[in-house]
Amino acid sequence: MPTPGPIHGEFHARDHAWHPPALTPAYKTSITRSPAQPLLSLPQTLSEITGPTFGPSDLGPLDHDLILNYAHGGDPIGERIIVHGRVTDGNGRPVPGALVEVWQANAGGRYRHVKDTYLAAIDPNFGGCGRCLTGADGTYSFRTIKPGAYPWPNSTTSWRPPHIHFSLFGTAFCQRLITQMYFEGDPLIALCPIVNTIPDPEAVARLVAPLDMAASKPFDSLAYRFDIVLRGRRSTLFENRLEGN
Amino acid sequence: MAQKLEHRKETPSQTAGPYVHIGLAPGAAGFEIFERELGQVIAGPQSKGERIRVEGRVLDGAGAPVTDVLIEVWQANAQGRYNHPEDTSEPEFEPDFPSDFSGWGRVIPDFETGVFSFETVKPGPVPETGPGTTGRSQAPHLNLWLVARGINLGLNTRMYFSDEVEANAADPVLGRIESPGRRQTLIAMRDDTVDPPVYRFDIHLQGASETVFFDI
């Protein structure tokens, strides 16, 4: 048995009253896909505090530019936007080198996916996915088009508000997070059963990106700002309990 | 009144939805866009250790396969070391990480049947370190993270190996599961009649055989 050395502090516990609960009946698919047993709490081990790391060589030069990364002889149709922000941890420290992956519908609300059959047209110049790494200060930026709203079969009146899906890696597997970004001022947000899986209106507000005129590009693109917070960890180092049995 | 704590809450989770593959595995969604998709190889041919295949399905509370699930795997190498700078559990030791071992991968099932399958090497036992832990060795295991339509916050679980009877019996995480029946939900059954050997592992989101999921 090797002698474990010192490691960094553990990650702060997830606040399950802040995240959506597993069972949210108004979002019907959750009914059969939500575990009924309580989650079993584990002390964090190497299995939880480590995770995959990514570098610039994993990505291509246009991966963050959804206007160009699937262009086949033209630009995608839709409102050109910049989506940018900063990834920090719960202690306010930037998370550099975090892999940010995004996916979204096109301007008509149609996804480029073999399983999406919505009647809006596929855009031949729009793939709908992108990825980038955060810089040393935790910032990231994508260029894309604003996604459209679309109906979905939760009920006959369920429409998804325009949104961009975000997937995030920090430094640890226990920080793994997927979420969705919405656009300020959209009346569909308040009606959406998926948004409303989140009980606290303050938490919902954290997913709504404000229009950021200061970051817009004159005569080219509007901008929206979306800051993301990953789980933070204790700042103090601890020694492993070597007296343990 | 008291001082205000500066700690910021984590960005709340939302479901990955049915089209998670567009962002995380576009090839599976039906189009080529990136020169290199991430997470396609967990442990390539240069990685040492016993080569294995894992096969199974994710099932919902009605027993139907979850065909739109995406699973991420995170595992140690055959020596029990994670490919990460914070795995300093044995500082003198040079871990064996060939360029084709990442220890991380993305697994997507067949969209019609829900059957998933992936190849890797069997991990070694991992030291348990951290506050509130025992310093005992953890039995070989894969760490799994599941997202899909209808799952509001990604689910964490582990897969252990049926041929590691002694190590499993001493494993501190399995030991935290009070019901022996529920402990079994994390143990994949080894099948040696095929080459490489296959571990069969179904994950039940709900119901009588509900898999144990963790708050990590």
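Residues numbered from 1 in each chain as written. Chains lettered and ligands numbered in written order. Predicted model: local features only at pLDDT ≥ 70, side-chain atom pairs only at ≥ 80, totals over all residues.

**Student:** I'd like a description of the overall build of chain B, backed by residues and values.
**Tutor:** Along its length, chain B carries four helices and twelve strands. On C-alpha atoms alone, chain B measures out to a radius of gyration of 18 Å, which is about the 17 Å that the 2.2 N^0.38 rule sets for 216 residues. For chain B, the C-alpha atoms occupy an extent of roughly 65 × 45 × 40 Å along the three principal directions. A burial count over chain B gives 50% of its 216 residues as buried. In chain B, 70% of the contacts between residues at least 6 apart in sequence involve partners at least 24 apart. (Helix = DSSP H or I, 4+ residues; strand = E, 2+ residues; numbered from the N terminus. Rg over C-alpha atoms; globule rule 2.2 N^0.38 Å. Buried ≥ 20, exposed ≤ 12 C-beta atoms within 10 Å, placed from the backbone. Contact = placed C-beta atoms within 7 Å.)

**Student:** Lay out the overall build of chain A with the relevant residues and their values.
**Tutor:** The helix and strand tally for chain A stands at three helices and twelve strands. For chain A, the spread of C-alpha atoms along the three principal axes comes to 65 × 40 × 35 Å. Relative to its full complement of 245 residues, chain A shows a buried share of 45%. For chain A, restricting intrachain contacts to residue pairs at least 6 apart in sequence, the fraction spanning at least 24 positions comes to 72%.

**Student:** Any chance you could break down the sheet that holds strand β8 (residues 163–168) of chain A for me, citing the residues and the numbers?
**Tutor:** All names here are of chain A. If you trace the five strands from one edge of the open sheet to the other, you get β4-β3-β8-β9-β10, paired in mixed fashion. Each having just a single partner strand, β4 (129–133) and β10 (208–209) make up the two edges of the open sheet. Pairing analysis gives six bridges linking β8 to strand β9 (residues 177–183), with the strands arranged antiparallel. The residue of β9 that forms the bridge with His165 is Gln180. (Pairing = 2+ DSSP bridges.)

**Student:** I'd like a rundown of unusual backbone geometry, residues and numbers included.
**Tutor:** Going from Asp195(B) to Pro196(B), the amide bond is cis rather than trans, its omega being -5°. Relative to the elements of secondary structure, Pro196(B) occurs in the loop between β9 (187–191) and β10 (198–200). Positive phi values are uncommon outside glycine, yet Phe219(A) reaches one of about 60°. With respect to the helices and strands, the residue Phe219(A) is situated in the loop between β10 and β11 (222–225). For Phe219(A), a count of 5 C-beta atoms within 10 Å translates into the label exposed.

**Student:** Account for the nonpolar core, with residues named and values stated.
**Tutor:** Of all hydrophobic cores here, the largest spans 103 residues; its most connected members are Leu168(A), Leu70(B), Val73(B) and Leu146(B). For Leu70(B), the contacting residues outside a window of four places in its chain are Ala16(B), Val20(B), His21(B), Leu24(B), Ala25(B), Arg106(B), Ile108(B), Val147(B) and Ala148(B). (Core = buried A, V, L, I, M, F, W, Y, C linked by C-beta atoms within 7 Å.)

**Student:** Let's hear about the interface of chain B and chain A: which residues, and what values?
**Tutor:** How big an interface is tends to be stated in terms of accessible area lost as the parts join. Facing the 77 residues of chain B at the interface are 84 residues of chain A. Going through the elements one at a time, α1 (20–24), α2 (26–29), β5 (126–127), β6 (137–138), β7 (141–147) and β12 (214–215) of chain B are the ones with two or more residues in the side of chain B that touches chain A. For the side of chain B that touches chain A, the element with the highest residue contribution is α1(B), accounting for four residues. Where strand β1 (residues 40–41) of chain A meets β12(B), two bridges bridge the pair, whose relative direction is parallel. What sits directly across from Leu40(A), in β12(B), is Phe214(B).

**Student:** Describe the confidence of the model for chain B, and please don't skip the residues or the numbers.
**Tutor:** Looking at chain B as a whole, its pLDDT mean stands at 93, while 95% of the residues score no less than 70. Across the whole predicted complex the pTM is 0.95, and at the interface the ipTM reaches 0.95. (pLDDT = per-residue confidence, 0-100.)

**Student:** Kindly report on the environment of Glu32(B), identifying the contributing residues and their values.
**Tutor:** Its location among the elements puts Glu32(B) in the loop between α2 and β1 (51–59). Each C-alpha atom, one on Glu32(B) and one on Gly56(B), is 27 Å from the other, the two residues being 24 residues apart in sequence.

**Student:** Can you tell me about the environment of Ala76(B), naming the residues and giving the values?
**Tutor:** Residues and elements named next belong to chain B. Position of Ala76 relative to the elements: it lies in the loop between β2 (70–75) and β3 (104–107). According to the C-beta neighbour criterion, Ala76 is buried, with 30 such atoms within 10 Å. For the pair formed by Ala76 and Glu164, sequence separation is 88 residues and the distance between their alpha carbons is 16 Å. Beyond its immediate chain neighbours, meaning those up to four positions away, Ala76 contacts Arg81, Tyr82, Gly103, Pro123, Gly124 and Val126.

**Student:** Would you mind going over the confidence of the model for chain A in detail, with residue names and values included?
**Tutor:** Residue and element names in this part refer to chain A. In this model, chain A carries a mean pLDDT of 93, and residues with pLDDT of at least 70 account for 93%. Across residues 1–7 the pLDDT falls below 50, and counting only partners more than four positions away or on other chains, this stretch makes 18 contacts in the model. Per-residue pLDDT stays below 50 along residues 239–245; that stretch engages in 13 contacts with residues further than four places along the chain or on separate chains.

**Student:** Quick one: what's the story with the environment of Ile108(B), residue by residue and with numbers?
**Tutor:** Residues and elements named next belong to chain B. Within the secondary structure, Ile108 is located in the loop between β3 and β4 (115–121). On the basis of neighbour counts, which here come to 20 C-beta atoms within 10 Å, the residue Ile108 falls in the buried class. As for Ile108 and Gln40, which are separated by 68 residues in sequence, their C-alpha atoms are 10 Å apart. Once you skip the residues sitting within four places of it in the chain, Ile108 turns out to touch His21, Ala25, Ala28, Leu70 and Phe116.

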